Amino acid sequence: MRDVNATPFVQQPLCASDALVERGTALVFDVTLWGQPARAFAMRFDGRAVAYMNRCAHVPTELDWQPGEFLDHDKRWIVCSLHGATYEPSDGHCIAGPCRGERLMALDLVERDGQVSWYPTPDIQPLSFD
Ligand code: FES
(Lines give C-alpha, C1' and ligand atoms only; values in the text may rest on other atoms or scores of the structure.)
Protein backbone atom coordinates (compact mmCIF):
# COMPACT_ATOMS: atom_id res chain seq x y z
CA MET A 1 0.00 0.00 0.00
CA ARG A 2 1.31 3.37 -0.97
CA ASP A 3 2.20 5.76 1.80
CA VAL A 4 0.05 8.77 0.96
CA ASN A 5 2.25 11.01 3.08
CA ALA A 6 5.18 10.17 0.80
CA THR A 7 3.26 10.92 -2.39
CA PRO A 8 4.99 13.65 -4.36
CA PHE A 9 2.79 16.57 -5.24
CA VAL A 10 5.67 18.28 -6.89
CA GLN A 11 5.38 19.78 -10.34
CA GLN A 12 5.82 17.20 -13.11
CA PRO A 13 7.40 18.44 -16.36
CA LEU A 14 5.23 17.49 -19.34
CA CYS A 15 6.41 19.15 -22.54
CA ALA A 16 7.68 22.31 -24.17
CA SER A 17 4.99 24.93 -24.71
CA ASP A 18 5.34 24.77 -28.49
CA ALA A 19 4.51 21.05 -28.44
CA LEU A 20 0.90 22.05 -27.78
CA VAL A 21 -0.37 23.63 -30.97
CA GLU A 22 -3.61 25.63 -30.91
CA ARG A 23 -6.47 23.11 -31.41
CA GLY A 24 -3.93 20.58 -32.66
CA THR A 25 -3.25 16.97 -31.81
CA ALA A 26 -3.20 16.49 -28.05
CA LEU A 27 -0.30 15.08 -26.07
CA VAL A 28 -1.46 11.83 -24.45
CA PHE A 29 0.53 10.76 -21.39
CA ASP A 30 0.51 8.01 -18.80
CA VAL A 31 -0.49 8.59 -15.18
CA THR A 32 -2.18 6.59 -12.47
CA LEU A 33 -5.77 7.29 -11.48
CA TRP A 34 -6.73 5.88 -8.08
CA GLY A 35 -3.62 3.74 -8.24
CA GLN A 36 -4.39 2.21 -11.65
CA PRO A 37 -2.60 2.96 -14.93
CA ALA A 38 -4.56 5.49 -16.96
CA ARG A 39 -4.02 8.13 -19.57
CA ALA A 40 -4.40 11.86 -19.58
CA PHE A 41 -4.12 14.37 -22.39
CA ALA A 42 -3.03 17.95 -22.79
CA MET A 43 -3.99 20.34 -25.57
CA ARG A 44 -4.03 24.02 -26.32
CA PHE A 45 -7.38 25.71 -26.75
CA ASP A 46 -7.90 29.46 -27.16
CA GLY A 47 -4.26 29.94 -26.27
CA ARG A 48 -4.41 28.15 -22.96
CA ALA A 49 -2.90 24.74 -22.17
CA VAL A 50 -5.48 22.42 -20.58
CA ALA A 51 -5.32 18.79 -19.50
CA TYR A 52 -7.88 16.16 -18.60
CA MET A 53 -8.04 12.48 -17.86
CA ASN A 54 -8.68 10.54 -21.07
CA ARG A 55 -11.83 9.14 -19.54
CA CYS A 56 -15.36 9.88 -20.64
CA ALA A 57 -17.81 10.96 -17.95
CA HIS A 58 -20.43 8.58 -19.45
CA VAL A 59 -18.56 5.27 -19.48
CA PRO A 60 -14.95 5.20 -18.27
CA THR A 61 -13.44 4.74 -21.70
CA GLU A 62 -10.89 6.76 -23.63
CA LEU A 63 -12.30 9.59 -25.70
CA ASP A 64 -10.00 10.01 -28.69
CA TRP A 65 -11.03 8.68 -32.09
CA GLN A 66 -7.39 8.43 -33.18
CA PRO A 67 -4.47 8.70 -30.76
CA GLY A 68 -4.36 12.33 -29.66
CA GLU A 69 -7.36 13.37 -31.75
CA PHE A 70 -10.11 14.62 -29.45
CA LEU A 71 -11.66 17.54 -31.28
CA ASP A 72 -14.51 17.46 -33.75
CA HIS A 73 -14.17 18.36 -37.42
CA ASP A 74 -14.50 22.09 -36.69
CA LYS A 75 -11.94 21.92 -33.87
CA ARG A 76 -14.48 23.42 -31.51
CA TRP A 77 -15.54 20.61 -29.16
CA ILE A 78 -14.04 17.54 -27.56
CA VAL A 79 -16.28 14.70 -28.74
CA CYS A 80 -16.21 11.21 -27.29
CA SER A 81 -15.60 8.64 -30.01
CA LEU A 82 -17.99 6.11 -28.48
CA HIS A 83 -21.38 7.81 -28.04
CA GLY A 84 -20.63 11.39 -28.96
CA ALA A 85 -20.65 13.19 -25.61
CA THR A 86 -19.60 16.76 -26.36
CA TYR A 87 -17.31 18.65 -24.00
CA GLU A 88 -16.19 22.26 -23.78
CA PRO A 89 -12.39 22.10 -24.23
CA SER A 90 -11.73 25.11 -22.00
CA ASP A 91 -13.25 23.60 -18.86
CA GLY A 92 -14.21 19.97 -19.61
CA HIS A 93 -17.92 20.58 -19.09
CA CYS A 94 -20.18 18.17 -21.00
CA ILE A 95 -22.71 20.25 -22.92
CA ALA A 96 -24.46 17.47 -24.89
CA GLY A 97 -24.79 13.72 -24.95
CA PRO A 98 -25.47 11.00 -22.41
CA CYS A 99 -23.45 12.64 -19.62
CA ARG A 100 -24.61 16.20 -20.17
CA GLY A 101 -23.90 18.34 -17.11
CA GLU A 102 -20.94 16.27 -15.96
CA ARG A 103 -17.34 17.10 -16.70
CA LEU A 104 -13.98 15.62 -17.55
CA MET A 105 -11.48 15.24 -14.71
CA ALA A 106 -9.08 18.16 -15.09
CA LEU A 107 -5.40 18.13 -14.30
CA ASP A 108 -3.80 21.21 -12.85
CA LEU A 109 -1.41 22.58 -15.46
CA VAL A 110 1.09 25.38 -15.24
CA GLU A 111 2.86 26.95 -18.20
CA ARG A 112 5.96 28.99 -17.49
CA ASP A 113 9.12 29.92 -19.40
CA GLY A 114 8.19 27.77 -22.39
CA GLN A 115 7.50 24.67 -20.32
CA VAL A 116 4.20 22.94 -19.49
CA SER A 117 4.02 20.97 -16.25
CA TRP A 118 1.27 19.39 -14.18
CA TYR A 119 0.63 18.90 -10.50
CA PRO A 120 -0.34 15.49 -9.09
CA THR A 121 -3.24 15.10 -6.70
CA PRO A 122 -4.11 12.29 -4.29
CA ASP A 123 -6.14 10.73 -7.16
CA ILE A 124 -3.88 11.43 -10.15
CA GLN A 125 -0.20 10.57 -9.81
CA PRO A 126 2.78 10.14 -12.13
CA LEU A 127 2.98 6.62 -13.49
CA SER A 128 6.57 6.12 -12.43
CA PHE A 129 6.06 6.84 -8.73
CA ASP A 130 6.20 3.79 -6.40
S1 FES B 1 -18.53 6.51 -23.48
FE2 FES B 1 -18.30 8.61 -24.08
S3 FES B 1 -20.30 9.18 -24.66
FE4 FES B 1 -20.53 7.13 -24.00
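Definitions and limits used
- Residues numbered from 1 in each chain as written.
- Predicted model: local features only at pLDDT ≥ 70, side-chain atom pairs only at ≥ 80, totals over all residues.
- Pairing = 2+ DSSP bridges.
- Helix = DSSP H or I, 4+ residues; strand = E, 2+ residues; numbered from the N terminus.
- Axes fitted to C-alpha atoms, helices over the stretch in contact; angles between N-to-C directions.
- Core = buried A, V, L, I, M, F, W, Y, C linked by C-beta atoms within 7 Å.
- Buried ≥ 20, exposed ≤ 12 C-beta atoms within 10 Å, placed from the backbone.
- Contact = placed C-beta atoms within 7 Å.

A. Looking closely at the sheet that holds strand β9 (residues 115–119). Taken together, three strands build an open sheet; the order of strands is β1-β9-β8 and the sheet is antiparallel. Each edge of the sheet is formed by a strand with only one pairing partner; in this case those strands are β1 (12–16) and β8 (108–112). Averaged over all pairs of adjacent strands, the angle between their axes in this sheet comes to 30°, without regard to strand direction. Taken together, the four bridges between β1 and β9 define a ladder with antiparallel strand orientation. The residue of β9 that forms the bridge with Gln-12 is Trp-118.

B. How the structure looks around the nonpolar core. Within the largest apolar cluster, 31 residues are counted, with the highest numbers of intra-cluster contacts made by Phe-41, Ala-42, Met-43, Ala-51 and Tyr-52. Going through the elements one at a time, β3 (36–45), β4 (48–53), β5 (78–79) and β9 are the ones with two or more residues in this core. No other element matches β3, which puts six residues into this core. Each residue touching Ala-42, except ones within four places of it in the same chain, is listed here: Leu-14, Leu-20, Ala-26, Leu-27, Ala-49, Val-50, Ala-51, Leu-109 and Val-116.

Nothing here speaks to function; it is all geometry.
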